[in-house]
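Observations on the three-dimensional arrangement
Letter by letter, the chains look like this.
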Amino acid sequence: QVQLVESGGGLVQAGGSLRLSCLASGLTFNRAAMGWFRQAPGKERELVAAISGSGEGTYYADPVKGRFTISRDNAKKMVYLQMNSLKPEDTAVYYCASRPRVAVVTTTRWLYEYWGQGTQVTVSS
């Protein structure tokens, strides 16, 4: 059974930083593409960043380029999202997602099979 557990959300002032973590279990982690998504109230869930199984390939949505960094530690089965220079518009529930058995960077939401429960990030102005 695949489980993804996020942590690290919270309340931060604009310009601040947060680091989200996601612990995976029940899958061959280094063969799974991973992604971070977010969903703000009244909006669709959107991809923020994605990473390949090896960690060598990454993708960032335009609104977060240059501010967010996705990384992974395959030995620990962890994926991270370092968020710097946070803005109020980054406020959302952030979700970790996995696409098992496919190690390439994946940017299509419906291809992700497993999701975490989400962690709230609130950026105050």
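This text follows the structure it describes.
The structure displayed is predicted, hence computed values, not measured ones.

Within the open sheet, the four strands sit side by side as β1-β3-β8-β7. Their pairing is antiparallel. Two strands close off the open sheet at either side, each with one partner strand: β1 (3-7) and β7 (68-73). In this sheet, adjacent strand axes meet at a mean angle of 15° when their direction is disregarded. Alignment of β1 against strand β3 (residues 18-25), held across five bridges, turns out to be antiparallel.

For the rest of this paragraph, the subject is the nonpolar core. Ranked by size, the top nonpolar core spans 28 residues in total, and within it V79, L81, M83 and Y94 carry the most contacts. Of all the secondary-structure elements, those providing two or more residues to this core are β3, β4 (33-39), β5 (46-51), β7, β8 (78-83), β9 (92-99) and β11 (119-124). Tallying contributions element by element places β3 first for this core, with four residues. The next biggest cluster of nonpolar side chains, apart from the first, holds six residues, and it includes F37, A50, Y95 and A97.

Moving on, we come to the pattern of salt bridges. Applying the stated criterion to the full structure yields five salt bridges. Linking R101 and E113 is a salt bridge whose minimum nitrogen-to-oxygen distance equals 3.0 Å. Linking R101 in the loop between β9 and β10 (114-115) with E113 in the loop between β9 and β10, this pair joins segments that are twelve residues apart in sequence. Given the relative accessible area of 64%, R101 is considered exposed. Exposure remark for E113: the relative accessible area of 40% places this residue in the partly exposed category. Within this structure, R38, E46, R67 and D90 form a network of salt bridges that share partners.

Conventions used here
Residues numbered from 1 in each chain as written. Predicted model: local features only at pLDDT ≥ 70, side-chain atom pairs only at ≥ 80, totals over all residues. Heavy atoms only, no water. Pairing = 2+ DSSP bridges. Helix = DSSP H or I, 4+ residues; strand = E, 2+ residues; numbered from the N terminus. Axes fitted to C-alpha atoms, helices over the stretch in contact; angles between N-to-C directions. Core = buried A, V, L, I, M, F, W, Y, C linked by side-chain atoms within 4.5 Å. Buried < 20%, exposed > 50% of the residue type's maximum accessible area, 1.4 Å probe, protein only. Salt bridge = Lys/Arg side-chain N within 4 Å of Asp/Glu carboxyl O.

Interpretation in functional terms is not warranted from these geometric data alone.
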